[in-house]
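What follows is each chain in one-letter form.
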Amino acid sequence: MGEMEGELVEADIVVPMHLSFKKIQAYEKYPKGQSRGRWKHLKQILQAENFQDCPPHEPNYVNIESPPSTQPCKRICDITGYEAPYVDPRTNLRYANSQVFKAVRSLSAEQVQQYLSIRNAAVVLK
């Protein structure tokens, strides 16, 4: 058994350099023995990319200011946090479905005001 182990250790595994099923070969992707598993930190990316040369109006890692969205903001249910297609005309709270509507109607005026203040839509209800 000792002889077999020695033979296995001494055997070389031959892997072809060019694998026909791969679009990009490993030797093309990682030339000169570069390591594959290295992750770059944000500072390293910023230094490598030279963002000082970019136009100031284009958003990038350094300048994340971008123009306002052209899409309208989603209306979120004040109770559940799901998307809310409905608004209660009496309390002005947004709700997602009929079960939440029942809960909205059972709230006291003080609780309704608290929910509206969370959304920054507090109005004095009559």
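Residues numbered from 1 in each chain as written. Predicted model: local features only at pLDDT ≥ 70, side-chain atom pairs only at ≥ 80, totals over all residues. Heavy atoms only, no water.

As recorded by an unreviewed UniProt entry, the chain carries the name Vps72/YL1 C-terminal domain-containing protein and is attributed to Thlaspi arvense. For the chain, the Subcellular location (unreviewed entry) comment in UniProt is given as "Nucleus". (UniProt positions renumbered as here; feature names shortened; annotations may be inferred.)

(A) The arrangement of the overall build of the chain in detail. Across its full length, the chain holds five helices and two strands. Secondary structure elements of the chain, listed N to C terminal, follow the sequence α-α-α-β-β-α-α. Buried positions account for 12% of the 126 residues belonging to the chain. Once local pairs closer than 6 in sequence are excluded, the contacts in the chain between residues at least 24 apart make up 14%. Here the chain displays about 11700 Å² of accessible surface, and carbon together with sulfur accounts for 55% of that area. (Helix = DSSP H or I, 4+ residues; strand = E, 2+ residues; numbered from the N terminus. Buried < 20%, exposed > 50% of the residue type's maximum accessible area, 1.4 Å probe, protein only. Contact = heavy atoms within 4.5 Å. Areas by Shrake-Rupley, 256 points an atom, 1.4 Å probe, with all protein chains shown as cover.)

(B) Quick peek at the pattern of salt bridges. Applying the stated criterion across every chain, the model contains two salt bridges. Among the ionic pairs, Asp78 bridges to Arg119, the shortest N-O distance being 2.6 Å. Highlighted residues: Asp78 in the loop between helix H3 (42-49) and strand E1 (86-87) and Arg119 in the segment after helix H5 (109-118), separated in sequence by 41 residues. Of the residues examined, Arg119 reaches a relative accessible area of 23% and is grouped as partly exposed. Linking Asp88 and Arg105 is a salt bridge whose minimum nitrogen-to-oxygen distance equals 2.7 Å. Pair noted here: Asp88 is in the loop between E1 and strand E2 (94-95) and Arg105 is in helix H4 (residues 98-105), with a separation of 17 residues, a long-range link. (Salt bridge = Lys/Arg side-chain N within 4 Å of Asp/Glu carboxyl O.)

(C) Molecular detail of the packing of aromatic side chains. This model, assessed by the stated rule, comprises two aromatic pairs. With 5.5 Å between their ring centres and 25° between their planes, Tyr86 and Tyr95 make a pair best called stacked. A relative accessible area of 13% means that Tyr95 is categorised as buried. Where Tyr95 meets Phe101, the ring centres are 4.9 Å apart and the plane angle is 40°; that geometry is what we call tilted. Following the ring pairs from residue to residue traces out a cluster consisting of Tyr86, Tyr95 and Phe101. (Phe/Tyr/Trp six-rings, centres within 6.5 Å; stacked < 30°, edge-to-face > 60°.)

(D) Representation of the side chain of Asp88. Classification of Asp88 by relative accessible area gives buried; the value is 0%. Apart from residues lying up to four places away in sequence, Asp88 is in contact with Leu93, Tyr95, Phe101, Val104 and Arg105.

(E) Representation of unusual backbone geometry within the structure. Its identity as a non-glycine residue notwithstanding, Asn92 has a phi of 70°, on the positive side. Relative accessible area serves as the criterion here: at 34%, Asn92 is assigned to the partly exposed category. Although it is not a glycine, Asn120 adopts a positive phi angle of roughly 60°. By the element assignment, Asn120 lies in the segment after H5.

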